[in-house]
Amino acid sequence: MENYIKISNLMYGHNNEDVTVNIDEKLTNLAAYLATMEYCDDISVTPIKLTTKILTSTSKKFLASKLNLYDVLFASDEMIKSSLKGKKIYDHLELANLYNSTALLISPFDIPIKYVNQNYYHGLLSLQNPQIYEEDFLKEIKLLISRIELSKKKSDFSCLCYIHEIMHSQLVRFKGSISDYLNDDVLSIFIELVFAYENNQNNLLKKDFLIRINHFLIEFEILYNYYYENNGNISDIDATVTSKYIISTLKAFKLFDQYISGSDTEKTFIMSKIQEVFDAKKTLEEILVELDITYENSLDKNLFIKQLII
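In this text, all values refer to a predicted model and were calculated from it rather than measured experimentally.

### A look at the overall build of the chain
Turning to step 1, where the next piece is worked out: When helices and strands are counted, the chain shows 13 helices and 5 strands.
Turning to step 2, where the next piece is worked out: In terms of overall size, the chain behaves like a compact globule, its C-alpha atoms giving a radius of gyration of 20 Å where 310 residues would be expected to give roughly 19 Å.
Turning to step 3, where the next piece is worked out: If one aligns the C-alpha atoms of the chain with their principal axes, the spans along those axes are about 60 × 45 × 40 Å.
Turning to step 4, where the next piece is worked out: Counting the 310 residues in the chain, one finds 51% classified as buried.
Turning to step 5, where the next piece is worked out: Long-range pairs, those at least 24 residues apart, make up 81% of the contacts in the chain between residues at least 6 apart in sequence.
Turning to step 6, where the next piece is worked out: In the form shown here, the chain has an accessible surface area of approximately 15300 Å², with 48% of it arising from carbon and sulfur atoms.
Turning to step 7, where the next piece is worked out: Of note, the chain has its 32 positive side-chain charges centred 9 Å away from the centre of its 43 negative side-chain charges.

### With respect to the nonpolar core
Turning to step 1, where the next piece is worked out: L27, F190, I191, F216, L250, I274 and F304 are the most contacted members of the largest nonpolar core, which has 95 residues in total.
Turning to step 2, where the next piece is worked out: Among all residues touching I191, those that are not within four sequence positions of it are F62, L63, L67, I163, M167 and M271.

### Let's talk about the packing of helix α9 (residues 204-228) against helix α10 (residues 236-261)
Turning to step 1, where the next piece is worked out: Between α9 and α10, whose axes approach to 9 Å, the crossing angle comes to 145°. For α9 against α10, the interelement crossing comes out left-handed. Here L205, F209, R212, I213, H215, F216, E219, F220, I222, L223 and Y226 of α9 lie close against α10, whose contacting residues are D236, A239, T242, S243, Y245, I246, T249, L250, F253 and F256.
Turning to step 2, where the next piece is worked out: Classifying every residue of the contact of α9 with α10 by side-chain character gives 14 nonpolar, 4 polar and 3 charged.

### Let's talk about the environment of A103
Turning to step 1, where the next piece is worked out: Turning to its location among the elements, A103 is positioned in the loop between α5 (92-101) and β2 (104-106).
Turning to step 2, where the next piece is worked out: Each C-alpha atom, one on A103 and one on I148, is 16 Å from the other, the two residues being 45 residues apart in sequence.

### Digging into the packing of aromatic side chains
Turning to step 1, where the next piece is worked out: One pass over the structure, following the stated rule, counts 14 aromatic pairs.
Turning to step 2, where the next piece is worked out: For the ring pair Y121 and F157, a centre distance of 5.4 Å and an interplane angle of 80° mean the geometry is edge-to-face. Residue Y121 is located in the loop between β3 (113-116) and β4 (123-127), and its partner F157 is located in the loop between β5 (145-151) and α7 (158-171); the two are separated by 36 residues in the primary sequence.
Turning to step 3, where the next piece is worked out: For Y121, a relative accessible area of 16% puts it in the buried group.
Turning to step 4, where the next piece is worked out: Taking 6.2 Å as the distance between ring centres and 50° as the angle between the ring planes, the aromatic pair formed by Y227 and Y228 counts as tilted.
Turning to step 5, where the next piece is worked out: The exposure class of Y227 is partly exposed, given its relative accessible area of 33%.
Turning to step 6, where the next piece is worked out: Taken together, F220, Y224, Y226, Y227 and Y228 form an aromatic cluster joined through their ring pairs.
Turning to step 7, where the next piece is worked out: The cationic tip of K154 hangs over the ring face of Y115; the distance from NZ or CZ to the ring centre is 4.5 Å.
Turning to step 8, where the next piece is worked out: The lysine or arginine in question, K244, covers the ring of Y245, its NZ or CZ lying 4.6 Å from the ring centre.

### Regarding a nonpolar patch on the surface
Turning to step 1, where the next piece is worked out: Taken together, Y224, Y227 and Y228 make up a surface patch of nonpolar side chains, about 310 Å² in accessible area.
Turning to step 2, where the next piece is worked out: Tracing the backbone shows Y228 in helix α9.
Turning to step 3, where the next piece is worked out: Judged by relative accessible area, Y228 falls into the exposed class, the value being 52%.

Conventions used here
- Residues numbered from 1 in each chain as written.
- Predicted model: local features only at pLDDT ≥ 70, side-chain atom pairs only at ≥ 80, totals over all residues.
- Heavy atoms only, no water.
- Helix = DSSP H or I, 4+ residues; strand = E, 2+ residues; numbered from the N terminus.
- Rg over C-alpha atoms; globule rule 2.2 N^0.38 Å.
- Buried < 20%, exposed > 50% of the residue type's maximum accessible area, 1.4 Å probe, protein only.
- Contact = heavy atoms within 4.5 Å.
- Areas by Shrake-Rupley, 256 points an atom, 1.4 Å probe, with all protein chains shown as cover.
- Lys, Arg positive; Asp, Glu negative; His and termini not counted.
- Charge placed at Lys NZ, Arg CZ, Asp CG, Glu CD.
- Core = buried A, V, L, I, M, F, W, Y, C linked by side-chain atoms within 4.5 Å.
- Axes fitted to C-alpha atoms, helices over the stretch in contact; angles between N-to-C directions.
- Left-handed = near helix turned anticlockwise from the far one by under 90°.
- Nonpolar A, V, L, I, M, F, W, Y, C, P; charged D, E, K, R; others polar.
- Phe/Tyr/Trp six-rings, centres within 6.5 Å; stacked < 30°, edge-to-face > 60°.
- Lys NZ or Arg CZ within 6 Å of the ring centre and 35° of its normal.
- Patch = residues over 30% accessible without salt bridge, like charges linked within 9 Å, V, L, I, M, F, W, Y side chains within 5 Å.
- Salt bridge = Lys/Arg side-chain N within 4 Å of Asp/Glu carboxyl O.

Fair warning: the whole summary comes from geometry, so function is off the table for now.
Written out as structure tokens, the structure reads:
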């Protein structure tokens, strides 16, 4: 576990020592409250015909109306293999420089999309993993994107998933954009909710909210079992990933509530704060402080009630 945290810190610029959430009374009460709600029947998928061109253009138009996005570093598996093939390099700094030089700058909307046989809500930003864990190497390498994965089952969730991963692409441009691993999904979940809010055909916002709640409850159960009923099936790393989704979901909901409750000026201000993270002027944690988004004030069941009664 210690090595996992160390590697994550070096690769992503995180600054974590402990990344497992404690189960306290407020978190337990919130999970218990949400678990009593009957909402599963409200989650339905609307299959649609959606080309990659329409997917990317729709997402690009939406994101361009909110934020200025940057080109990203891309390297395919073939590019990495070709660059390193036959090279005998024993200096880790030299190897890191060669690895970094493999990448190309491309538009985030030109990242190759791989459609996979997963559930309709699947999305993944895949990064290259050089599988070299020397500290000097990890400090120097850049995060190279290889592809975005989406479900081959096209639905009204496809754009949500794609926009979510595009946001991740902006946050891996610089190491240290996010200093706390537990906040890794805050902005990606937030922006998908904003898209659903502004494109609310077929109750898309409510369905996205319900799926996020369901995911939150699944992760809470994993974390609960890790602490109290663990027979060895749940590892420390599992608990760490679970903690990330719990914290990120709560803070994203809080930020979203602040966004939709605000005036147009306040909405623009929130997006300007996110832009500062993209511009490498501030960390995500710094803007969350400025926007008063904390774990404690995200444990408010009213944040959930307001959305579920829409």
